[in-house]
Amino acid sequence: MAALTLVTLGALWVGARIDAASALEHGGREGLSWVVVRGGDTLWEIADAVTGSGDPAPTIRRIMDLNGLSDSVIRPGTRLYLPGGSAL
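Since the structure is predicted, the reported quantities are computational estimates derived from the model, not experimental observations.

(A) Structural detail: the side chain of Thr59. With respect to the secondary-structure elements, Thr59 resides in helix α3 (residues 57-67). Classification of Thr59 by relative accessible area gives buried; the value is 8%. Within the local environment of Thr59, its side chain forms a polar contact with the side chain of Thr51, the two groups lying 2.8 Å apart. Dropping the residues within four chain positions of it, Thr59 is found in contact with Ala47, Val50, Thr51 and Pro83.

Structure (structure tokens):
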């Protein structure tokens, strides 16, 4: 019984650590602007719209990091959070 209790507590602790690490990795999203991806949208177009002038590549990377994207493929219906100060 004690072993089961320790295993359960250990699993809960690991789960809490994973959630905390995930929150840190993706940063806080409260108060950030966001867009819902529509059919035909590309990450380049979204980043270009919020960047204004200049190279949108750094903004693409920030959007990918903020949303936990491993590549630039986005799907319609997905909510994408935008870096602080960005708005469409």
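(B) How the structure looks around the nonpolar core. Of all hydrophobic cores here, the largest spans 12 residues; its members are Val35, Val37, Leu43, Ile46, Ala47, Val50, Ile60, Ile63, Met64, Ile74, Leu80 and Leu82. Ranked by residue count, the leading element in this core is helix α2 (residues 43-51), at 4 residues.

(C) Summary view of α2. All of the buried residues along α2 are Leu43, Ile46, Ala47 and Val50. For α2, the angular spread of buried residues about the axis comes to 95°, placing them on one side. Buried residues in α2 make contact with β1 (34-36), α3 and β2 (79-81). Of the residues trailing α2, Gly52 is marked for its positive phi of about 85°.

(D) Local environment of the packing of aromatic side chains. Tallied over the full model, the rule gives 0 aromatic pairs. The aromatic ring of Trp34 is capped on one face by Arg79, whose charged end is 3.6 Å from the ring centroid.

(E) Main features of the environment of Trp34. Summarising the element assignment, Trp34 is placed in strand β1. Trp34 sits 45 residues away from Arg79 along the chain, and the two C-alpha atoms are 6.5 Å apart. The contacts of Trp34, once residues within four sequence positions are left out, are Arg79, Leu80, Tyr81 and Leu82.

(F) Just the environment of Gly68, in detail. With respect to the secondary-structure elements, Gly68 resides in the loop between α3 and β2. Here the alpha-carbon distance between Gly68 and Leu80, two residues 12 residues apart in the chain, equals 9.9 Å.

(G) Representation of the environment of Asp48. Structurally, Asp48 is set in helix α2. Judged by relative accessible area, Asp48 falls into the partly exposed class, the value being 35%. Residues Asp48 and Ile60, 12 residues apart in the sequence, show an inter-C-alpha distance of 8.4 Å. Apart from the residues within four sequence positions on either side, Asp48 is in contact with Gly54 and Pro56.

Procedures and definitions
- Residues numbered from 1 in each chain as written.
- Predicted model: local features only at pLDDT ≥ 70, side-chain atom pairs only at ≥ 80, totals over all residues.
- Heavy atoms only, no water.
- Helix = DSSP H or I, 4+ residues; strand = E, 2+ residues; numbered from the N terminus.
- Buried < 20%, exposed > 50% of the residue type's maximum accessible area, 1.4 Å probe, protein only.
- Polar contact = N/O pair within 3.5 Å; in protein donor to acceptor, adjacent residues only side chain to side chain.
- Contact = heavy atoms within 4.5 Å.
- Core = buried A, V, L, I, M, F, W, Y, C linked by side-chain atoms within 4.5 Å.
- Arc of directions from axis to C-beta.
- Phe/Tyr/Trp six-rings, centres within 6.5 Å; stacked < 30°, edge-to-face > 60°.
- Lys NZ or Arg CZ within 6 Å of the ring centre and 35° of its normal.

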